[in-house]
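Architecture and fold: a report
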Amino acid sequence: MMMTFGEFNKLACGDRVTLISAIDTLMQAGQTYIRGTEIAEIISELKKGGGNLFTEQMLERIAQIAKDLAQLRTCTLLAYVKRSRLDFRGPNAPRSGICPICGCELDYDMPLALADGNHIDWTCQDCGATGKEGFQRVFTTHYDVCDGDGKPFPISND
(Lines give C-alpha, C1' and ligand atoms only; values in the text may rest on other atoms or scores of the structure.)
Protein backbone atom coordinates (compact mmCIF):
# COMPACT_ATOMS: atom_id res chain seq x y z
CA MET A 1 0.00 0.00 0.00
CA MET A 2 1.30 3.44 -0.89
CA MET A 3 0.98 5.98 1.90
CA THR A 4 -0.79 9.26 1.10
CA PHE A 5 0.40 12.60 2.39
CA GLY A 6 -2.67 12.81 4.64
CA GLU A 7 -1.78 9.50 6.29
CA PHE A 8 1.86 10.59 6.63
CA ASN A 9 0.94 13.93 8.18
CA LYS A 10 -1.51 12.27 10.58
CA LEU A 11 1.40 10.15 11.85
CA ALA A 12 3.69 13.21 11.93
CA CYS A 13 1.18 15.05 14.13
CA GLY A 14 -0.05 12.20 16.30
CA ASP A 15 2.40 9.30 16.34
CA ARG A 16 5.75 10.93 15.67
CA VAL A 17 7.87 8.32 17.48
CA THR A 18 6.47 5.51 15.33
CA LEU A 19 6.87 7.50 12.11
CA ILE A 20 10.44 8.56 12.85
CA SER A 21 11.32 5.00 13.90
CA ALA A 22 9.87 3.72 10.61
CA ILE A 23 11.79 6.33 8.60
CA ASP A 24 14.97 5.41 10.49
CA THR A 25 14.35 1.71 9.78
CA LEU A 26 13.86 2.49 6.09
CA MET A 27 17.01 4.62 5.96
CA GLN A 28 19.12 2.03 7.81
CA ALA A 29 17.94 -1.04 5.88
CA GLY A 30 17.24 0.52 2.51
CA GLN A 31 14.18 0.64 0.32
CA THR A 32 14.91 -2.55 -1.63
CA TYR A 33 15.44 -4.62 1.52
CA ILE A 34 12.28 -3.32 3.22
CA ARG A 35 10.17 -3.87 0.09
CA GLY A 36 11.31 -7.48 -0.27
CA THR A 37 11.28 -8.52 3.39
CA GLU A 38 8.42 -9.94 5.43
CA ILE A 39 7.15 -7.96 8.43
CA ALA A 40 8.28 -10.70 10.85
CA GLU A 41 11.87 -10.48 9.60
CA ILE A 42 11.88 -6.68 9.86
CA ILE A 43 10.60 -6.99 13.44
CA SER A 44 13.38 -9.48 14.19
CA GLU A 45 15.97 -7.04 12.85
CA LEU A 46 14.44 -4.21 14.88
CA LYS A 47 14.74 -6.31 18.04
CA LYS A 48 18.43 -6.95 17.32
CA GLY A 49 19.01 -3.21 16.97
CA GLY A 50 17.59 -2.25 20.35
CA GLY A 51 13.92 -2.75 19.62
CA ASN A 52 13.43 -4.38 23.02
CA LEU A 53 12.38 -0.91 24.18
CA PHE A 54 9.17 -1.27 22.15
CA THR A 55 6.23 -3.63 22.54
CA GLU A 56 5.68 -6.31 19.91
CA GLN A 57 2.64 -4.37 18.68
CA MET A 58 4.71 -1.19 18.31
CA LEU A 59 7.47 -3.05 16.43
CA GLU A 60 4.86 -4.48 14.07
CA ARG A 61 3.47 -0.99 13.46
CA ILE A 62 6.95 0.43 12.81
CA ALA A 63 7.71 -2.39 10.37
CA GLN A 64 4.39 -1.93 8.53
CA ILE A 65 4.86 1.82 8.23
CA ALA A 66 8.43 1.29 6.98
CA LYS A 67 7.04 -1.07 4.31
CA ASP A 68 4.40 1.49 3.35
CA LEU A 69 7.04 4.23 3.12
CA ALA A 70 9.30 1.97 1.04
CA GLN A 71 6.64 1.99 -1.68
CA LEU A 72 7.10 5.74 -2.13
CA ARG A 73 9.65 7.24 -4.45
CA THR A 74 12.41 8.95 -2.46
CA CYS A 75 11.47 12.37 -3.83
CA THR A 76 7.86 11.80 -2.72
CA LEU A 77 8.94 10.79 0.79
CA LEU A 78 11.15 13.89 1.02
CA ALA A 79 8.27 16.08 -0.17
CA TYR A 80 6.02 14.53 2.51
CA VAL A 81 8.62 15.28 5.19
CA LYS A 82 8.98 18.87 3.98
CA ARG A 83 5.21 19.48 3.85
CA SER A 84 4.43 17.75 7.14
CA ARG A 85 4.80 18.92 10.70
CA LEU A 86 7.96 16.89 11.28
CA ASP A 87 10.85 18.97 12.50
CA PHE A 88 14.29 17.66 11.57
CA ARG A 89 16.21 20.80 12.43
CA GLY A 90 19.03 20.67 14.93
CA PRO A 91 18.23 21.16 18.62
CA ASN A 92 19.66 24.70 18.60
CA ALA A 93 18.03 25.82 15.34
CA PRO A 94 15.83 28.92 15.61
CA ARG A 95 12.08 28.39 15.91
CA SER A 96 9.24 30.74 15.04
CA GLY A 97 7.62 32.42 18.02
CA ILE A 98 10.37 31.39 20.44
CA CYS A 99 13.07 33.72 21.76
CA PRO A 100 16.46 32.44 20.57
CA ILE A 101 18.09 33.72 23.78
CA CYS A 102 15.85 32.54 26.63
CA GLY A 103 13.35 30.21 24.93
CA CYS A 104 10.21 32.09 25.99
CA GLU A 105 7.32 32.98 23.69
CA LEU A 106 7.77 36.16 21.68
CA ASP A 107 5.47 39.16 21.46
CA TYR A 108 5.27 40.61 17.98
CA ASP A 109 5.31 44.36 17.46
CA MET A 110 2.32 43.99 15.08
CA PRO A 111 -0.15 41.23 14.24
CA LEU A 112 1.39 38.53 12.03
CA ALA A 113 -1.25 39.24 9.40
CA LEU A 114 0.20 42.75 8.97
CA ALA A 115 3.81 41.60 8.52
CA ASP A 116 5.40 42.72 5.26
CA GLY A 117 5.81 39.13 4.07
CA ASN A 118 9.57 39.01 4.61
CA HIS A 119 10.03 39.78 8.31
CA ILE A 120 8.31 40.80 11.51
CA ASP A 121 9.85 42.58 14.49
CA TRP A 122 9.61 40.97 17.92
CA THR A 123 10.38 41.65 21.56
CA CYS A 124 10.81 39.05 24.28
CA GLN A 125 8.83 40.11 27.33
CA ASP A 126 10.89 37.80 29.53
CA CYS A 127 14.50 38.81 28.79
CA GLY A 128 13.97 42.04 26.81
CA ALA A 129 15.70 40.77 23.66
CA THR A 130 14.61 42.17 20.29
CA GLY A 131 14.95 40.93 16.74
CA LYS A 132 13.19 40.05 13.53
CA GLU A 133 11.79 36.79 12.23
CA GLY A 134 12.44 36.18 8.56
CA PHE A 135 9.84 34.45 6.43
CA GLN A 136 9.77 33.03 2.92
CA ARG A 137 6.12 32.02 2.98
CA VAL A 138 7.07 30.16 6.16
CA PHE A 139 9.42 30.95 9.04
CA THR A 140 13.08 30.73 8.01
CA THR A 141 15.23 32.20 10.79
CA HIS A 142 15.81 35.00 13.31
CA TYR A 143 18.17 37.88 12.50
CA ASP A 144 19.23 41.23 13.95
CA VAL A 145 18.85 39.71 17.44
CA CYS A 146 19.96 41.84 20.39
CA ASP A 147 19.89 40.85 24.06
CA GLY A 148 18.05 42.89 26.70
CA ASP A 149 21.01 45.31 26.85
CA GLY A 150 20.93 45.94 23.08
CA LYS A 151 24.06 43.88 22.35
CA PRO A 152 24.02 41.71 19.19
CA PHE A 153 23.39 38.04 19.89
CA PRO A 154 24.73 35.40 17.44
CA ILE A 155 22.27 32.78 16.19
CA SER A 156 23.28 29.24 15.22
CA ASN A 157 21.36 27.78 12.27
CA ASP A 158 22.42 24.16 12.78
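The sections below set out a description of the structure shown in this document.

1. Side note on the pattern of salt bridges
- Counted by the stated rule, this structure contains four salt bridges.
- A salt bridge links Lys-48 to Glu-45, with the nearest nitrogen and oxygen atoms 3.2 Å apart. In this pair, Lys-48 and Glu-45 both sit in helix α4 (residues 39-48), three residues apart, roughly one turn of the helix.
- Judged by its relative accessible area of 63%, Lys-48 is exposed.
- As a salt-bridge pair, Lys-47 and Glu-56 come within 2.8 Å of each other at their nearest N and O atoms.
- For Lys-47, a relative accessible area of 39% translates into the label partly exposed.

2. Quick word on the packing of aromatic side chains
- Scanning the model with the defined rule gives two aromatic pairs in all.
- Summarising the aromatic geometry, the rings of Phe-5 and Tyr-80 are spaced 5.6 Å apart at their centres and angled 65° between planes, so their arrangement reads as edge-to-face. Taken as a pair, Phe-5 in helix α1 (residues 5-14) and Tyr-80 in helix α6 (residues 74-83) lie far apart in primary sequence, 75 residues in all. For the pair shown, Phe-5 and Tyr-80 are each scored as buried.
- Centre to centre, the rings of Phe-8 and Tyr-80 are 5.6 Å apart; their planes meet at 55°, and the pair counts as tilted. One end of the pair, Phe-8, is in helix α1; the other, Tyr-80, is in helix α6, with 72 residues separating them in the sequence.
- Of the aromatic side chains, those joined through ring pairs into one cluster are Phe-5, Phe-8 and Tyr-80.
- Here Arg-83 stacks its cationic end above the ring of Phe-5, 3.8 Å away from the centre of that ring.

3. Quick look at the side chain of Thr-18
- The residue Thr-18 is located in helix α2 (residues 16-29) in this model.
- Apart from the residues lying within four places of it in its own chain, the contact partners of Thr-18 are Met-58, Arg-61, Ile-62 and Ile-65.

4. What to know about α1
- Buried residues of α1: Phe-5, Phe-8, Asn-9, Leu-11 and Ala-12, and no others. The arc enclosing the buried residues of α1, seen along the axis, measures out at 155°, which places them on a common side. Relative to its buried face, α1 has exposed residues pointing more than 90 degrees away, namely Lys-10 and Gly-14.
- On its buried face, α1 sits against α2, α5 (56-70) and α6.

5. Here's the deal with the nonpolar core
- If you look at the biggest cluster of nonpolar residues, it comprises 26 residues, and the most contacted ones within it are Phe-8, Leu-19, Ile-23, Ile-65, Leu-69, Leu-77 and Leu-86.
- Those elements giving two or more residues to this core turn out to be α1, α2, α4, α5 and α6.
- Ranked by the residues each element gives to this core, the list is headed by α5, at seven residues.
- What Leu-86 contacts, discounting residues up to four positions off in sequence, is Phe-8, Ala-12, Arg-16, Leu-19, Ile-20, Ile-23 and Val-81.
- Within the second largest apolar cluster, six residues are counted, among which are Trp-122, Cys-124, Ala-129 and Val-145.

About the cut-offs
Residues numbered from 1 in each chain as written. Predicted model: local features only at pLDDT ≥ 70, side-chain atom pairs only at ≥ 80, totals over all residues. Heavy atoms only, no water. Salt bridge = Lys/Arg side-chain N within 4 Å of Asp/Glu carboxyl O. Helix = DSSP H or I, 4+ residues; strand = E, 2+ residues; numbered from the N terminus. Buried < 20%, exposed > 50% of the residue type's maximum accessible area, 1.4 Å probe, protein only. Phe/Tyr/Trp six-rings, centres within 6.5 Å; stacked < 30°, edge-to-face > 60°. Lys NZ or Arg CZ within 6 Å of the ring centre and 35° of its normal. Contact = heavy atoms within 4.5 Å. Arc of directions from axis to C-beta. Core = buried A, V, L, I, M, F, W, Y, C linked by side-chain atoms within 4.5 Å.

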